[in-house]
Amino acid sequence: VIVVPQAAITLSNGTPTVFVYKDGQVHRRTVRPGMRNRSHVEIVSGLTVGEQIVADKTSLLADGLRVQVAKKTEGRAQTTEMTKVEIGVRRE
């Protein structure tokens with residue numbers, strides 16, 4: 001099961017999407033959400049384990065935008081352009 005933070009899900013023309021990070025760019029991807037709780041959403045389809053998604057400041061993004069990944073030091077970001085999260089929580 002793939003689980004992502006709720007903040008990572010955005011709507012594009014009413015369709016749930018996430019921004020996938022790869023090679024310094026973000027790309028909007030349609031996903032199908034499943035079960036959810038207060039903070040996380042199961043992704044039934046549209047992502048694969050190991051892909052990286054943006055989970056913060058998604059309202060500032062556009063498909064194909066070049067981004068820089070923030071590095072954390074003692075819980076605070078050194079740069080603030082974008083952050084990414086590993087996905088791939090697998091429960092069987």
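Below you will find a few notes about this structure. Computed from a predicted model, the values in this text were never measured in an experiment.

### Some thoughts on the pattern of salt bridges
Two side chains that carry opposite charge are able to pair once their charged atoms sit near each other. Summed over the entire model, instances satisfying the criterion amount to one salt bridge. Note that R29 and E51 form a salt bridge whose closest N and O atoms lie 2.9 Å from each other. Here R29 is found in strand 4 (residues 25-30), whereas its partner E51 is found in the loop between strand 6 (40-45) and strand 7 (52-53), with 22 residues between them in sequence.

### Notes on the environment of T15
Looking at the element boundaries, T15 is found in strand 3 (residues 15-22). Residue classification places T15 among the partly exposed residues on the basis of a relative accessible area of 32%. A sequence separation of 15 residues divides T15 from T30, and the C-alpha atoms of the two residues are 7.0 Å apart. Sequence-distant contacts of T15, that is, excluding residues within four places in its chain, are made with T10 and T30.

### A short note on the nonpolar core
What tends to happen in soluble globular proteins is that the nonpolar side chains get buried as a cluster. Membership of the largest hydrophobic core is limited to twelve residues, which are I2, V4, A8, I9, V18, V20, V31, V41, I43, L47, I53 and A55. Those elements giving two or more residues to this core turn out to be strand 1 (2-5), strand 3 and strand 6. Counting six residues, the second largest nonpolar core, distinct from the first, contains F19, Y21, V26 and V54.

### A closer look at the pairing of strand 6
With four bridges joining them, strand 1 and strand 6 adopt antiparallel strand pairing. Pairing of V3 across the sheet is with E42, part of strand 6. Hairpin connection between strand 5 (residues 32-36) and strand 6: a loop of three residues separates the two successive antiparallel strands.

### A word on the sheet that holds strand 6
Here three strands make up an open sheet; going across it, the order is 1-6-5 and the pairing antiparallel. Strand pairing shows two members of the sheet lacking a second neighbour, strand 1 and strand 5, which therefore form its edges. Neighbouring strand axes in the sheet, compared pairwise and without regard to direction, differ in orientation by 40° on average.

Rules and cut-offs
Residues numbered from 1 in each chain as written. Predicted model: local features only at pLDDT ≥ 70, side-chain atom pairs only at ≥ 80, totals over all residues. Heavy atoms only, no water. Salt bridge = Lys/Arg side-chain N within 4 Å of Asp/Glu carboxyl O. Helix = DSSP H or I, 4+ residues; strand = E, 2+ residues; numbered from the N terminus. Buried < 20%, exposed > 50% of the residue type's maximum accessible area, 1.4 Å probe, protein only. Contact = heavy atoms within 4.5 Å. Core = buried A, V, L, I, M, F, W, Y, C linked by side-chain atoms within 4.5 Å. Pairing = 2+ DSSP bridges. Axes fitted to C-alpha atoms, helices over the stretch in contact; angles between N-to-C directions.

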